[in-house]
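Here is how the chains run, residue by residue.
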Amino acid sequence: MASPISDRQRIREAIIAAFEDPDGTLALSPGRIIVADVKAPRPPMPYITIKVLTWNSDAGEAVDWHKHTLEGIDDDPATTTEGYREATVSLNAFGETAIIWIEDFVQDARHWRTTKEILRAAGITINYPQGPITDLSALVDTGFENRANRTLTVSYHRTGALQEHPELVKADVSVEFDSPSAPESLTMTGQIDPDNPPCPP
């Protein structure tokens, strides 16, 4: 069984895969977009670094849902939660060509079919509108190095851990009414959690 990965890693891997989409307009070769803040030699320019700055920010209500449809007595009742979260992703481009890559990526992620499919398969959507690209060009040693940054906002789908529940028990509940305009009694059938029975009146 594969080990679970964090939301941060899932977002990072999906965006890298989208940049490297062989059927995309960019189709970067592996190693042209790398994870920031990793102690390892960097490739020659042009290249991009990626860093997930923030993640797991609420982007709407999480909802409870049943894994199994409750019909009569459910043999294996279980629920989980799912909802949408937001993250911010920093892309730093090194070299003029890499700056063009981060210019084009947002457009591809919105309109290019295969690039969209890669992100969709990971449950990730690039939000719109996006902010501007910031020029970070600087003098390095004796030469001028073109650098730029783009910070993306993305939404992603998150499913929580499965929570098992005790078996629900089918029961009939009778209610008597004192009002002359109401029926003498009413019988209802429903599901009762034996560990959390309804409170007596």
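Caption draft 1: Here's a closer look at helix H2 (residues 96–111). Its 16 residues place the ends of H2 23 Å apart at the C-alpha level, agreeing with the 22 Å of an ideal helix rising 1.5 Å per residue. Its axis deflected by about 30 degrees at Asp104, H2 carries its strongest bend there. For H2, the complete set of buried residues consists of Ala98, Ile99, Trp101, Ile102, Phe105, Val106, Asp108 and Ala109.

Caption draft 2: Looking closely at the nonpolar core. One finds Ile11, Phe19, Ile48, Val89, Leu91 and Phe105 to be the most contacted residues of the largest nonpolar core, which totals 31 residues. Where this core is concerned, the elements lending two or more residues are helix H1 (7–19), strand E2 (47–58), strand E4 (78–94), H2, strand E5 (124–126) and strand E9 (147–159). Top element by residues in this core is H2. It accounts for seven residues. Those residues in contact with Phe105 that lie beyond four places of it in its chain are Ile15, Ala18, Phe19, Leu26, Thr115, Ile126 and Leu152.

Caption draft 3: Layout of the packing of aromatic side chains. Taken as a whole and judged by the stated rule, the model has two aromatic pairs. Taken together, a centroid distance of 4.0 Å and an interplanar angle of 10 degrees make the contact between Phe19 and Phe105 stacked. Highlighted residues: Phe19 in helix H1 and Phe105 in helix H2, separated in sequence by 86 residues. Of the two residues, Phe19 and Phe105, both sit in the buried class. Between Tyr47 and Phe94, the ring centres sit 4.7 Å apart and the planes meet at 10 degrees, which makes this aromatic pair stacked. Taken together, the residues Tyr47 in strand E2 and Phe94 in strand E4 connect sequence positions 47 residues apart. Each of the two residues, Tyr47 as well as Phe94, counts as buried. Its end group placed over the ring of Tyr128, Arg110 keeps NZ or CZ at 4.6 Å from the ring centre.

Caption draft 4: Looking closely at the pattern of salt bridges. Throughout the structure, instances matching the rule amount to six salt bridges. Measuring nitrogen to oxygen at the nearest pair gives 3.3 Å for the salt bridge that ties Arg113 to Glu117. With a gap of four residues between them, Arg113 and Glu117 both fall in helix H3 (residues 113–121), about one helical turn apart. Residue Arg113 is classed as exposed on the basis of its relative accessible area, which comes to 55%.

Caption draft 5: Expanded view of unusual backbone geometry. The residue after Met45, namely Pro46, is reached through a cis peptide bond having omega 5 degrees. Its location among the elements puts Pro46 in the loop between strand E1 (33–35) and E2. Cis geometry marks the peptide bond from Tyr128 to Pro129, where omega comes out at 0 degrees. As for its position among the elements, Pro129 is in the loop between E5 and strand E6 (134–135). Even without glycine at this site, Ala27 takes up a positive phi of about 50 degrees. For Ala27, the position within the fold is in the loop between H1 and E1.

Caption draft 6: How the structure looks around the environment of Ser90. Positionally, Ser90 belongs in strand E4. As a C-alpha pair, Ser90 and Leu53 span 37 residues in sequence and 6.6 Å in three-dimensional space. Beyond its immediate sequence surroundings of up to four residues, Ser90 is in contact with Thr49, Ile50, Lys51, Leu53, Asn149, Arg150 and Thr151. At 2.9 Å, the side chain of Ser90 and the side chain of Asn149 are in polar contact.

Reading the values: the criteria
Residues numbered from 1 in each chain as written. Predicted model: local features only at pLDDT ≥ 70, side-chain atom pairs only at ≥ 80, totals over all residues. Heavy atoms only, no water. Helix = DSSP H or I, 4+ residues; strand = E, 2+ residues; numbered from the N terminus. Expected span 1.5 Å × (residues − 1). Bend = angle between axes of the 7 residues up to and from the residue. Buried < 20%, exposed > 50% of the residue type's maximum accessible area, 1.4 Å probe, protein only. Core = buried A, V, L, I, M, F, W, Y, C linked by side-chain atoms within 4.5 Å. Contact = heavy atoms within 4.5 Å. Phe/Tyr/Trp six-rings, centres within 6.5 Å; stacked < 30°, edge-to-face > 60°. Lys NZ or Arg CZ within 6 Å of the ring centre and 35° of its normal. Salt bridge = Lys/Arg side-chain N within 4 Å of Asp/Glu carboxyl O. Polar contact = N/O pair within 3.5 Å; in protein donor to acceptor, adjacent residues only side chain to side chain.

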